[in-house]
Amino acid sequence: MKNTYKNNISGATLFEIIITVAILALVINVVAAFSADVFRFSGTIYNSVQAQQDARNILRQLAFELRTTSPSNIGAYALAETSANRIRFYSDIDGDGLKEEVIYFLSADGRTLYKNIRKPSGAPLQYTGSFSPSTIANDIVNGATPLFTYYDTNYDGTSAPLTQPVNILSVRLVRIEVIIERDPNRAPIPINVSTQVSLRNLKDNL
């Protein structure tokens, strides 16, 4: 009778151990899956916030430089090129009294925004030196959406933009729209940020 009792105790204990292990494995799987979801969600939020911050920084910098565009140091018109994904203008962006030649443009694949700067040099001053290039942003996904659209002095907030090729002398306001997507295979959807820049030194409706 004692042996039978001991066997029953041993059998019950082994069964409990198996059940306990199974439950523990289930809990571990649930926790692991939850942790992975939290990690992915955190990554998504980070990418979204970072994309928004990058887009705003781009617009802030570009708007500041474009707002004070004015004739070059050798008398060239303030705006030199006004295409959908490329703009060239003159502006004293570093406050040294010399008007830099500034170019913002998208790469051929439309994914990278570049900036070129050239300072005038020589006596008399000439814009013949080398450009200093820099990368402003990656992960641009504007596609068919123009990076730059242009408006004349009649713009009332709802007017259609000037058609390409734009008459440079008519431009009084530039709208900049940047769309950024960190990972097209993951959420969130692309971040779209835009701003409008009035060309302060070209106003003719005062």
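Predicted, not measured: the structure shown is a model, and the values here were computed from it.

A. The environment of F131, seen in detail. Looking at where F131 falls in the secondary structure, it is placed in the loop between β4 (113–118) and β5 (132–137). With a relative accessible area of 29%, F131 lands in the partly exposed category. Taking the C-alpha atoms as reference, F131 lies 8.0 Å from K119; in sequence the two are 12 residues apart. Discounting chain neighbours no more than four positions away, the residues touching F131 are E101, I103, N116, I117 and R118.

B. Main features of the sheet that holds strand β7 (residues 173–180). One open sheet accounts for 3 strands, arranged β6-β7-β8; its pairing is antiparallel. Each edge of the open sheet carries a strand with a single partner, namely β6 (148–151) and β8 (191–198). Put simply, the sheet's adjacent strands are angled 15 degrees from each other on average, direction ignored. Across 4 bridges, the pairing between β6 and β7 is antiparallel.

C. Representation of the packing of aromatic side chains within the structure. Applying the stated criterion across every chain yields a total of 4 aromatic pairs. Each ring, one from F89 and one from Y104, has its centre 6.5 Å from the other, and the planes form 10 degrees; the classification is stacked. Taken together, the residues span a long stretch of sequence, with F89 in strand β2 (residues 86–91) and Y104 in strand β3 (residues 100–106) at a distance of 15 residues. Among the residues examined, F89 registers a relative accessible area of 0% and is labelled buried. Relative accessible area serves as the criterion here: at 1%, Y104 is assigned to the buried category. Above the ring of F105, the side-chain terminus of R86 is found at 5.2 Å from the ring centroid.

D. Molecular detail of the sheet that holds β5. Spatially, the 5 strands line up as an open sheet ordered β1-β2-β3-β4-β5, and their pairing is antiparallel. One side of each edge strand has no neighbouring strand; the edge strands of this open sheet are β1 (79–83) and β5. When the angles between neighbouring strand axes are averaged without regard to direction, this sheet yields 20 degrees. Alignment of β2 against β3, held across 6 bridges, turns out to be antiparallel. Within β3, the residue paired with F89 across the bridge is V102.

E. Highlighting the nonpolar core. If you look at the biggest cluster of nonpolar residues, it comprises 31 residues, and the most contacted ones within it are L66, I87, F148, V174, I176, V178 and L199. Contributing elements (two or more residues each) for this core: α1 (2–67), β2, β3, β6, β7 and β8. Among the elements that make up this core, the one with the highest residue count is α1 (6 residues). Among residues more than four places away in sequence, those in contact with I87 are L66, E81, V102, I103, Y104, F148, Y150 and V174.

Reading the values: rules and limits
Residues numbered from 1 in each chain as written. Predicted model: local features only at pLDDT ≥ 70, side-chain atom pairs only at ≥ 80, totals over all residues. Heavy atoms only, no water. Helix = DSSP H or I, 4+ residues; strand = E, 2+ residues; numbered from the N terminus. Buried < 20%, exposed > 50% of the residue type's maximum accessible area, 1.4 Å probe, protein only. Contact = heavy atoms within 4.5 Å. Pairing = 2+ DSSP bridges. Axes fitted to C-alpha atoms, helices over the stretch in contact; angles between N-to-C directions. Phe/Tyr/Trp six-rings, centres within 6.5 Å; stacked < 30°, edge-to-face > 60°. Lys NZ or Arg CZ within 6 Å of the ring centre and 35° of its normal. Core = buried A, V, L, I, M, F, W, Y, C linked by side-chain atoms within 4.5 Å.

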